[in-house]
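Report on the structure
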Amino acid sequence: MRQFPLEMHQMAPGRVVEWRLRSTAGAPADTGGTGDAPGDALGDTAGDTAGRRASFNQDKHFTVAEESRGADDPVASWIAVTFEVKGALVEDALTRALLAFVRRHEVLRCEFRRLAGELACEPIAAAELALDTAPVAEFDSSEDLRGFLADRFKRSIDTLSWPLFTMGAVLREDSATVYLAFDHIVCDGLSMPIVVHEVQNAYEALCRGEEIDLPPAPSYLDFAEEQRRRYLSIAADDERLGYWKSFMARGGEFFPRFPLELGVEPGRMYPIVNEASPLLDAGEAEVFEKACRAVDGKPFMGVLAAVAVCLREAGGPGVYRGFMPVSERGRAGWANSVGWFVNTMPIEFDASPGRDFAQVMAAVRAGFGEMMEHIDVPFVRAWQLLAPAEFAARSWPYPVNFFSYIDVRKCPGAERHEDWRPTSHVWSARANGACSWFQRDADGLHMNSIYVDTAAARRTMDDFQEALRATVREIARHGSFRRPVALTAPRRPVGTPLGAAAPLGAAALPNDTAPYAPYTRRS
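These lines cover the structure that appears in this document, whether it is placed above or below. One numbering rule holds for all chains: residues counted from 1, following each sequence as written. The predicted origin of the model limits local features to residues at a pLDDT of at least 70 and limits the giving and counting of side-chain atom pairs to 80 or more, whereas totals for whole chains, interfaces and linings rest on all residues. Working from all heavy atoms in the structure, the side-chain values ignore hydrogens and water.

1. Description of the overall build of the chain
Of the regular secondary structure elements, the chain holds 13 helices and 17 strands. Counting across all 523 residues of the chain, residues that qualify as buried make up 55%. Contact between two residues is taken to exist if any of their heavy atoms lie within 4.5 Å; hydrogens are not considered. Of the contacts made within the chain by residues no fewer than 6 positions apart, 81% connect residues no fewer than 24 positions apart. Under the convention used here, a 1.4 Å probe and the Shrake-Rupley method define accessible areas, while residue burial counts only the protein chains that appear. Surface summary for the chain: the accessible area is close to 21200 Å², and the carbon and sulfur share equals 50%. To qualify as a helix, a DSSP run of H or I must reach at least 4 residues; to qualify as a strand, a run of E must reach at least 2; elements of each kind are numbered from the N terminus. Only protein chains enter the area calculation, which uses a 1.4 Å probe; residues under 20% of their type maximum are buried, those over 50% are exposed, and those in between are partly exposed.

Written out as structure tokens, the structure reads:
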């Protein structure tokens, strides 16, 4: 299961239908195909808990949307997932499976409203929800279909309006592609495999005439409530912020800067480049993992070590400083729940020149261990308390160093991914920096990056990606940084005038080194 631009999806054309959610409050209960779902999937049908409050992540996200709309400068983004269904689609079974999925996860039934300064979540009772099937259009070409879906997601996903997601399928005689797109306020990247696993299992069970049987999925709203109870009242002098303060003291700032030149102006947002490419094929990725474990590390640590060394060789500092999103699902049984279970944390370690692979890996392991001992305080709360001036802004203040890694082989339903062929996609209208997500699946190691569409950023990211690909392959082949990592001359330090160095071209790898072609999408 890879993450890549939606425009890269090799989706066969067909007839598009959508399922539109509505509330039946005040109307007789549905008993037809659009309204009934197996009883075990209903969740809270007698009325949900009143007075719910949003999580810190949700509150900040909603606030940015409010302020942007008020300034006539709206922001837009979405997270989407697709998967394949073999054979002619049984529409009634998929309708019931989708309805059961929405009813099961309380956060998907929420309307968000600003009440007396706080963001309230008002869940619609599960039994009051129904789905209507609506034919949309028929497409003869994959290109036209992808264009329609991209535009549909942009227009239908609105942080300030319910519902906060859209659901549909592309129907053909012998197969279907199911899609769901969400606002970030109700989900995260790790929610996408959960979506696929639950909807597919429910659909297949219903097609067999069986009841839906899924493991418990506690509500994200319970998680948000506990988070606010524990951290809403803390102050800037709370000892639990000590790790953050130490990180800031050593780096001088709350946000760790992306250390390479992107050619951005302060305070300005830019259209994006969204691109994806392979780093390692399946066999190389297996050997890479063995090389990481041979020095007492994990695969994600090896990727992070390679990133740090490549940034350093391209002109960045010897000490890596960056943000890393950490999933909070494993802390109290949230493994099957949909929601925004992410805490963004700072990580720091030494990747200075002269250190070999084992030494950098040891530094990554120590830095990660230190970070994990201090993950309790939510990122948004730390930001609000320790960088209040920057917290008032609608975006991060400048390009931030950001690293994300997911091993989807460990996600629910991974054993069926070869049959279901799930994909995930992220999109944002604008950015002021660069973010990269790494995915490990059965086919290898992959990279998806979104960054500002400037000439400097394109040169920087092209060179960085090629250097990173060469570095992880060297680790796989030799278990070390065997040869110099940099494929081009070191780049200007951040802040150096753009004319201070000649433009740097991207180094090209032979055509036969990648199992599929990289893809770039500019918005």
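2. Concerning a negative patch on the surface
Only residues whose relative accessible area exceeds 30% and that form no salt bridge are eligible for patches; like-charged ones are grouped when within 9 Å, while nonpolar side chains (Val, Leu, Ile, Met, Phe, Trp, Tyr) are grouped when within 5 Å. A pair is scored as a salt bridge if a Lys or Arg side-chain nitrogen falls within 4 Å of a carboxyl oxygen belonging to Asp or Glu. For this count, His and the chain ends are skipped, Lys and Arg are scored as positive, and Asp and Glu as negative. By convention, charge coordinates are those of NZ in Lys, CZ in Arg, CG in Asp, or CD in Glu. A grouping of Glu 138, Asp 140, Glu 143 and Asp 144 is seen on the molecular surface, where their side chains present a negatively charged patch. By the element assignment, Glu 138 lies in strand β7 (residues 129–138). Exposure remark for Glu 138: the relative accessible area of 60% places this residue in the exposed category.

3. A short note on the sheet that holds strand β9 (residues 175–182)
Here, any two strands with at least 2 DSSP bridges between them count as paired. The strand order across the open sheet formed by seven strands is β1-β14-β4-β9-β8-β2-β7, and the pairing between neighbours is mixed. The open sheet has two free edges, formed respectively by β1 (2–3) and β7, since each of these has just one partner strand. When strand β8 (residues 165–171) meets β9, the two strands line up antiparallel, connected through seven bridges. Each residue of the ladder has a partner; that of Phe 165, found in β9, is Phe 182.

4. What to know about the nonpolar core
Among buried residues, those of type Ala, Val, Leu, Ile, Met, Phe, Trp, Tyr and Cys that are joined through side-chain atoms within 4.5 Å constitute a nonpolar core. Core analysis: the largest hydrophobic core is formed by 156 residues, its most contacted members being Phe 112, Leu 180, Phe 182, Phe 254, Phe 349, Phe 438 and Leu 468. Considering every element that reaches this core, the biggest residue donor is helix α8 (residues 299–313), with eleven residues. Setting aside anything within four residues of it in sequence, one finds Leu 180 in contact with Ile 79, Ala 80, Val 81, Phe 83, Leu 98, Phe 101, Thr 166, Met 167 and Val 195.

5. Description of the side chain of Glu 261
Position of Glu 261 relative to the elements: it lies in the loop between α6 (242–251) and β10 (272–281). By the criterion applied in these results, polar contacts are pairs of N or O atoms within 3.5 Å in which, for protein atoms, one can donate a hydrogen and the other can accept it, and in which residues neighboring in sequence qualify only through two side-chain atoms. A distance of 2.8 Å separates the side chain of Glu 261 from the backbone nitrogen of Gly 263, its partner in a polar contact.

6. Some words on the layout of surface pockets
A volume near 610 Å³ is recorded for the second largest pocket. Taken together, 23 residues line the second largest pocket, and the ones lying closest to its centre are His 417, Arg 421, Pro 422, Thr 423 and Asp 443. Taken together, the residues of the lining of the second largest pocket sort by class into nine nonpolar, five polar and nine charged. Residues are said to line a cavity or pocket when one of their atoms sits within 4 Å of a point; the points come from a 1 Å grid over protein atoms alone, cavities being sets where a 1.4 Å probe fits but cannot get out and pockets being open sets with protein on both sides within 12 Å along at least five of seven lines. Grid points are joined across faces, edges and corners, and a volume is the space filled by probe spheres set on the points. Side-chain classes follow a simple rule in which Ala, Val, Leu, Ile, Met, Phe, Trp, Tyr, Cys and Pro form the nonpolar group, Asp, Glu, Lys and Arg form the charged group, and the remainder, Gly included, forms the polar group.

7. Observations regarding the environment of Glu 138
As for Glu 138 and Val 170, which are separated by 32 residues in sequence, their C-alpha atoms are 8.7 Å apart. Beyond its immediate stretch of four places on either side in the chain, Glu 138 contacts Gly 14 and Arg 15.

8. Brief notes about the packing of aromatic side chains
Side-chain rings of Phe, Tyr and Trp, where Trp is taken by its six-membered ring, are said to pair if the distance between their centres is within 6.5 Å; with planes under 30 degrees apart they count as stacked, over 60 as edge-to-face, and otherwise as tilted. For the structure shown, the criterion picks out 34 aromatic pairs. Both rings, one in Trp 244 and one in Phe 323, keep their centres 5.9 Å apart while their planes meet at 70 degrees; by these two values the pair is edge-to-face. Within this pair, whereas Trp 244 is found in helix α6, its partner Phe 323 is found in strand β11 (residues 319–327), the two being separated by 79 residues in sequence. Each member of the pair, Trp 244 as well as Phe 323, is classed as buried. For the pair Phe 254 and Phe 255, a centre-to-centre distance of 5.0 Å together with 70 degrees between the ring planes defines the contact as edge-to-face. Taken individually, Phe 254 and Phe 255 each receive the classification buried, so the pair is uniform in this respect. Put simply, the rings of Trp 244, Phe 254, Phe 255, Phe 323, Phe 379, Trp 383, Phe 391, Trp 396, Tyr 398, Phe 402 and Trp 437 touch in pairs and so form one group of aromatic residues. Between the NZ or CZ atom of Lys 60 and the centre of the ring of Phe 391, over which it lies, the distance is 4.2 Å. Any Lys NZ or Arg CZ that is within 6 Å of a ring centre and within 35 degrees of that ring's normal is treated as a charge sitting over the ring.

9. Quick notes on the pattern of salt bridges
Pairing between side chains of opposite charge can happen when their charged atoms approach one another. Applying the stated criterion across every chain, the model contains 39 salt bridges. Here Arg 113 and Glu 122 are joined by a salt bridge, their closest N and O atoms 3.1 Å apart. Owing to a relative accessible area of 39%, Arg 113 belongs among the partly exposed residues under this scheme. Judged by relative accessible area, Glu 122 falls into the partly exposed class, the value being 31%. Two residues, Asp 407 and Arg 409, come together in a salt bridge whose shortest N-O distance is 2.7 Å. Accessibility expressed as a relative area gives 12% for Asp 407, which makes it buried.

10. Topic: unusual backbone geometry
The amide bond that connects Trp 162 to the next residue, Pro 163, takes the cis arrangement and shows omega of 0 degrees. Inspection of the secondary structure puts Pro 163 in the loop between α3 (142–156) and β8. At Ala 116, a position not held by glycine, the phi torsion is positive, near 50 degrees. Looking at the element boundaries, Ala 116 is found in the loop between β5 (110–115) and β6 (118–123). Judged by its relative accessible area of 87%, Ala 116 is exposed.

11. Some details on the pairing of strand β14 (residues 423–428)
Across the six residues that make up β14, a large majority, five, are buried. When β1 meets β14, the two strands line up parallel, connected through two bridges. Opposite Gln 3, over in β14, you have Ser 424 as the bridge partner.

12. A word on helix α9 (residues 357–372)
Look at α9: 22 Å from first C-alpha to last across 16 residues, which is about the 22 Å you get at 1.5 Å a residue. Those residues of α9 that fall on the buried side of the exposure criterion are Phe 357, Val 360, Met 361, Ala 363, Val 364, Gly 367, Phe 368 and Met 371. Each buried residue of α9 lies within a common arc of 160 degrees when the element is viewed along its axis, so the set occupies one face. Near the N-terminus of α9, the side chain that reaches the backbone nitrogen of Ala 358, with its oxygen 3.2 Å away, is that of Asp 356. Take the number of residues in a helix, subtract one, and multiply by 1.5 Å to get its expected span. Note: the arc covers the axis-to-C-beta directions of the helix.

13. Digging into the packing of helix α2 (residues 91–104) against helix α4 (residues 191–207)
Lines fitted to C-alpha atoms define the axes, with helix axes restricted to the stretch in contact, and inter-axis angles between N-to-C directions lie between 0 and 180 degrees. Between α2 and α4, the least distance of the axes is 8 Å, while the angle of their chain directions is 135 degrees. Between α2 and α4, the angle is such that the two are oblique. Between α2 and α4 the crossing geometry is right-handed. Residue-level contacts link Ala 93, Leu 94, Arg 96, Ala 97, Leu 98, Phe 101 and Arg 104 of α2 to Val 195, Glu 198, Val 199, Ala 202, Tyr 203, Leu 206 and Cys 207 of α4. When grouped by side-chain class, the residues that make up the contact of α2 with α4 number eleven nonpolar, no polar and three charged. An angle below 35 degrees is read as roughly parallel, one above 145 as roughly antiparallel, one from 65 to 115 as roughly perpendicular, and any other as oblique. Crossings are sorted by hand: turned counterclockwise from the far helix by less than a right angle, the near helix makes the crossing left-handed, and turned clockwise it makes it right-handed.

14. A short note on the sheet that holds β6
The sheet built from three strands is open, its strands ordered β3-β6-β5 with antiparallel pairing. Because the sheet does not close on itself, it has two edges, and the strands there are β3 (52–53) and β5. For β5 and β6, the ladder comprises six bridges, and the chain directions are antiparallel. Within the sheet, the bridge partner assigned to Cys 110 lies in β6 and is Pro 123.

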